[in-house]
Structures are given as structure tokens and as C-alpha cells.
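Below, each chain spelled out in residue letters.
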Amino acid sequence: MELLQVADTVAREKNIDREIVIVAMEEAIQKAGRSKYGHDHDIRAHIDRKNGVIELKRYRQVMEPEAIIENEVAQLTLAQAKRIKPDAAPGEFLVDDLPPLDFGRIAAQTAKQVIMQKVREAERSRQYGEFKDRVGEIINGVVKRVEYGNATVDIQGRAEAMLRRDEALPREHLKVGDRVRAIIYEVREETRGPQIFLSRTHPEFMAKLFMQEVPEIYDGIIEIKSVARDPGSRAKIAVISRDSSIDPVGACVGMRGSRVQAVVGELQGEKIDIIPWSQDIASFVVNALQPAAVAKVVLDEENERMDVVVPDEQLSLAIGRRGQNVRLASILTGWDIDIMTEAEESERRANEFKTRSALF
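Residues numbered from 1 in each chain as written. Predicted model: local features only at pLDDT ≥ 70, side-chain atom pairs only at ≥ 80, totals over all residues. Heavy atoms only, no water.

**Some points on the layout of surface pockets**
Estimates place the volume of the largest pocket at around 370 Å³. Residue assignment for the lining of the largest pocket shows that the elements contributing at least two residues are helix H4 (105-131), strand S5 (138-147), strand S7 (159-163) and strand S9 (193-199). In terms of residue class, the lining of the largest pocket is built from 4 nonpolar, 4 polar and 7 charged. (1 Å grid on protein atoms, 1.4 Å probe; cavity = no way out; pocket = protein on both sides within 12 Å on 5 of 7 lines; lining within 4 Å. Points joined across faces, edges and corners; volume = space filled by probe spheres on them. Helix = DSSP H or I, 4+ residues; strand = E, 2+ residues; numbered from the N terminus. Nonpolar A, V, L, I, M, F, W, Y, C, P; charged D, E, K, R; others polar.)

Written as C-alpha cells, this is what we have:
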């Protein structure tokens, strides 16, 4: 009985099917039996699922009369078989009971290894099955190990996931025992089990955080159209409301900024511009370049480029630190944006006029 109790305990602890554990035990006993009687023997073990009795049997196959015997221990000629069992027919197995094994130390070690390996394989396939459909979901976990800045995160004891250095926020140094929230962005099945990859820099992570904070997004009244992030520093998010009576920007900001503040806090103070999305690309770009004011926009629809003219004193604000503002606006809208001052634009106009007049 104690074998079955062990199987039940292992199955409960590892959260896998009891049958898998018992089959692994049978394999382990077979392996131990073969190492005792010889590896050429066809030895099979069976554990009774009700009372835990172990049966160990040796199988020998009766061959066709003209067949060549390859393994003398596991195969018999018809003549040999007839001596043991007069009505033996080709293709059938003769089965002998073997005395139950007393597990030696080495046999027990081998058995343990086989069982642990089987249990690990079953655990991995359960993990993969559980997480492959959860890509794009936010999880909470605890950091278990940190190597070279890459953190291994334990997800509620169900699985281990990887938060790579480049998927964590800059200036964020995780230590063992830290609680962490991240999005599952990829689940791969690899030889050493499923690899679950987490990210905190993914644009989708911010979208999902807003979904948790803003009930209107969760209910589908407000839709997040696009997200552009410079992780840890600045982000822009474009929103649109399906209900004309609800202001999408106000809903995302919340009372005294409470909702957006919750997201900013999770992202280590990343500044977030919330922008109303618009079908009209020109007004969308003007919104996306906030907080800078735009004087005029010249579109080149074929190449999805646009020249944006801003007053001289707004130039550095529109471009942003190291071009950040214009870069994020460009990612958000999907258009290439060139920024110029009014002076540059009038000069360019004058030059165009000259060349055209000359051509004319």
C-alpha cells in the first residue's frame, strides 16, 4: 500500500495525474529488474492500482519457425516453446513470474531518478498547457533568483518564468524576494521544459495596466488604439471612446489623476501622455505632439510622412529630450514626422519658389 501512498503524495505535491506517477514507478521497477536479471530480458512490472501489489514478470516471445533468433533471452524457437507449453503458437508470449525485488540501494536510487524525471516531464507539459493560452496576461510573481540582471520569477508556485534584463525597466534592480508584476509575452516549449518570458517594457504591459485601473477600458467602452513607450522615462497612449458622453482622456486620468498615478507608480515614474485618438491623421499628430503647440501640418500621404511646423520657441519642446517626443509621436501615429520652425519653413518655401520659377 505504501507505494500508492507515495504516488498520491507526489501527485498532489506536483499537481499532476496520479496515474503518471504510478506508470513512472512501474518503469523504475522494470529498470531495476533488468539491472538485476540482465538487460536483454523483457521484464515488465505492474502495480495493482487498488492494493499496491507489485508483480514482476518475464516475457518471452515465441518466434515463427523460420525466423532468426536475435535475442536468445527474450525470444524462443517454436520447438523450445513446445517443450514448456505443448500448445504454444508463434507470436504469443510465455510469461514467467519473477520473485519480487528487494530493492538494493542502487536499484532504489535508479528508481528514484526515473520517477523524478517522469514527474518533471509531466510537470513541464502541464505548465506549457496552462500558460500557452495566457500570453498577454499580467501575472504577479516573486523573484526567486537573479543572474546577471536576469530574474527568475516564481508565478504563484505554478511555474517559473524569466524576466530578462532588457525586458525590465532601466534603473530597476530586482532582488530575491521582490514581488513583481509583468506581462507574459511569449511561451516557448523547449527541451528543458516550457520557457515563459515576461516583460515590463512591452507596450502591451502598459495597455493591460490601464485596463486593470480603468473599468471603462475593461468594459470595452474606451479602446486603447496605440501605445508608444520609452520604458522608464516617457510614454504616449492613444485612446478613443465608443460612448460620446464619456471623455476617454478624463476616464484614464481619473479623479485627481488617481488612475494614471497608479500606472505611473507601477512603472517607476514613467511619465504618460494620454492622447485622444482621431481618424483625421493631421489632428491626431497635433494631439500626439503634446505638450508642444503646432502651427501647421503638411501631409505627404504616399510616403506617410509629414512636415510639422511649430513656433520657434516651441521647437525644443516638440522634439523633446534626445528627440523623444517626436519619436514617440511617430511610433504612436505610424507616420514619419519632420519638425521645422516657421522660419525654416518660410525659407524652404522661398527656395522651392525660386527653383520652380527657374524651371518655369
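**What about unusual backbone geometry?**
Cis rather than trans, the peptide bond between Gln290 and Pro291 has omega equal to 5°. In this structure, Pro291 sits in the loop between helix H9 (281-288) and strand S13 (296-300). The backbone of Arg256 sits at a positive phi, close to 50°, despite the residue not being glycine. Of note, Arg256 is situated in the loop between helix H7 (248-253) and helix H8 (258-266).

**Notes on the packing of aromatic side chains**
Enumeration according to the criterion identifies 3 aromatic pairs in this entry. Ring centres of Tyr185 and Phe197 lie 6.4 Å apart, and the angle between their planes is 45°; this geometry places the pair in the tilted category. Taken as a pair, Tyr185 in strand S8 (residues 179-190) and Phe197 in strand S9 lie far apart in primary sequence, 12 residues in all. (Phe/Tyr/Trp six-rings, centres within 6.5 Å; stacked < 30°, edge-to-face > 60°.)

**Things to note about the pairing of strand S2 (residues 54-62)**
Each regular strand shows side chains that alternate between the opposite faces of the sheet. Here strand S1 (residues 42-47) runs beside S2; their pairing, made up of 6 bridges, is antiparallel. Of the residues in S2, the one forming a bridge with His46 is Glu55. What sits between S1 and S2 in their antiparallel hairpin is a turn of 6 residues, with Gly52 showing a positive phi close to 75°. By the bridge criterion, 5 bridges tie S2 to strand S4 (residues 93-97) in an arrangement that is antiparallel. Across the sheet, Arg58 pairs through a bridge with Asp96, a residue of S4. Where S2 lies against strand S3 (residues 75-76), 2 bridges are found, and the strand directions are parallel. (Pairing = 2+ DSSP bridges.)

**Digging into a positive patch on the surface**
There is a patch of like positive charges on the surface, built from Arg171, Lys271, Arg321 and Arg322. Within the secondary structure layout, Arg171 lies in the loop between S7 and S8. Residue class for Arg171 comes out exposed when judged on its relative accessible area of 61%. (Patch = residues over 30% accessible without salt bridge, like charges linked within 9 Å, V, L, I, M, F, W, Y side chains within 5 Å. Areas by Shrake-Rupley, 256 points an atom, 1.4 Å probe, with all protein chains shown as cover. Salt bridge = Lys/Arg side-chain N within 4 Å of Asp/Glu carboxyl O. Lys, Arg positive; Asp, Glu negative; His and termini not counted. Charge placed at Lys NZ, Arg CZ, Asp CG, Glu CD. Buried < 20%, exposed > 50% of the residue type's maximum accessible area, 1.4 Å probe, protein only.)

**Remarks on the pattern of salt bridges**
The full count for this structure, using the stated rule, is 31 salt bridges. A salt bridge links Glu55 to Lys57; the nearest nitrogen and oxygen atoms lie 3.9 Å apart. Look at Glu55 and you get partly exposed, because its relative accessible area is 36%. Taking the relative accessible area as the measure of exposure, Lys57 reaches 24% and is therefore partly exposed. In this structure, Arg349 engages Glu345 in a salt bridge whose closest nitrogen and oxygen atoms are separated by 3.9 Å. In this pair, Arg349 and Glu345 both sit in helix H12 (residues 342-359), 4 residues apart, roughly one turn of the helix. Through salt bridges that share partners, Lys144, Arg145, Glu147 and Glu160 make up one connected network.

**Notes on the packing of helix H5 (residues 203-213) against H8**
Here H5 crosses H8 at 140°, and the two axes come no closer than 9 Å. As judged from the angle between their axes, H5 and H8 are oblique. Handedness of the crossing formed by H5 with H8: right-handed. Together, Phe205, Leu209, Phe210 and Glu213 of H5 and Arg259, Val260, Ala262, Val263 and Glu266 of H8 make up the contact between the two elements. Residue classes in the contact of H5 with H8 are distributed as 6 nonpolar, no polar and 3 charged. (Axes fitted to C-alpha atoms, helices over the stretch in contact; angles between N-to-C directions. Parallel < 35°, antiparallel > 145°, perpendicular 65-115°, else oblique. Left-handed = near helix turned anticlockwise from the far one by under 90°. Contact = heavy atoms within 4.5 Å.)

**Topic: a negative patch on the surface**
Judged by side-chain charge, Asp312, Glu313, Glu342, Glu344 and Glu347 come together as a negatively charged surface patch. Looking at Glu313, the relative accessible area reads 63%, which means it is exposed.

**Observations regarding the nonpolar core**
In this structure, Phe210, Ile224, Ile237, Ile272 and Ile274 are the most contacted members of the largest nonpolar core, which totals 24 residues. If you list the elements that add at least two residues to this core, you get H5, strand S10 (222-230), strand S11 (234-241), H7, H8 and strand S12 (271-276). Element by element, the count of residues in this core is highest for H5, at 5 residues. Those residues in contact with Phe210 that sit more than four places away from it in its chain are Ile217, Ile224, Ile237, Cys252, Val260, Val263, Ile272 and Ile274. (Core = buried A, V, L, I, M, F, W, Y, C linked by side-chain atoms within 4.5 Å.)

**Thoughts on the side chain of Thr341**
By the secondary structure assignment, Thr341 is in strand S15 (residues 336-341). Take Thr341: its relative accessible area is 9%, and that puts it in the buried class.

**Observations concerning the sheet that holds S13**
Within the open sheet, the 3 strands sit side by side as S13-S14-S15. Their pairing is mixed. Of all the strands in the sheet, just S13 and S15 have a single pairing partner and so form its edges. Strand-to-strand twist in this sheet, taken as the mean axis angle between neighbours without regard to direction, amounts to 20°. Across 6 bridges, strand S14 (residues 305-310) lies against S15 in parallel orientation. The partner of Val309 across the bridge, within S15, is Met340. Lying over the sheet, H12 contacts S13, S14 and S15, oriented at roughly 95° with respect to S15.

Keep in mind that these numbers describe shape and distance, not what the molecule does.
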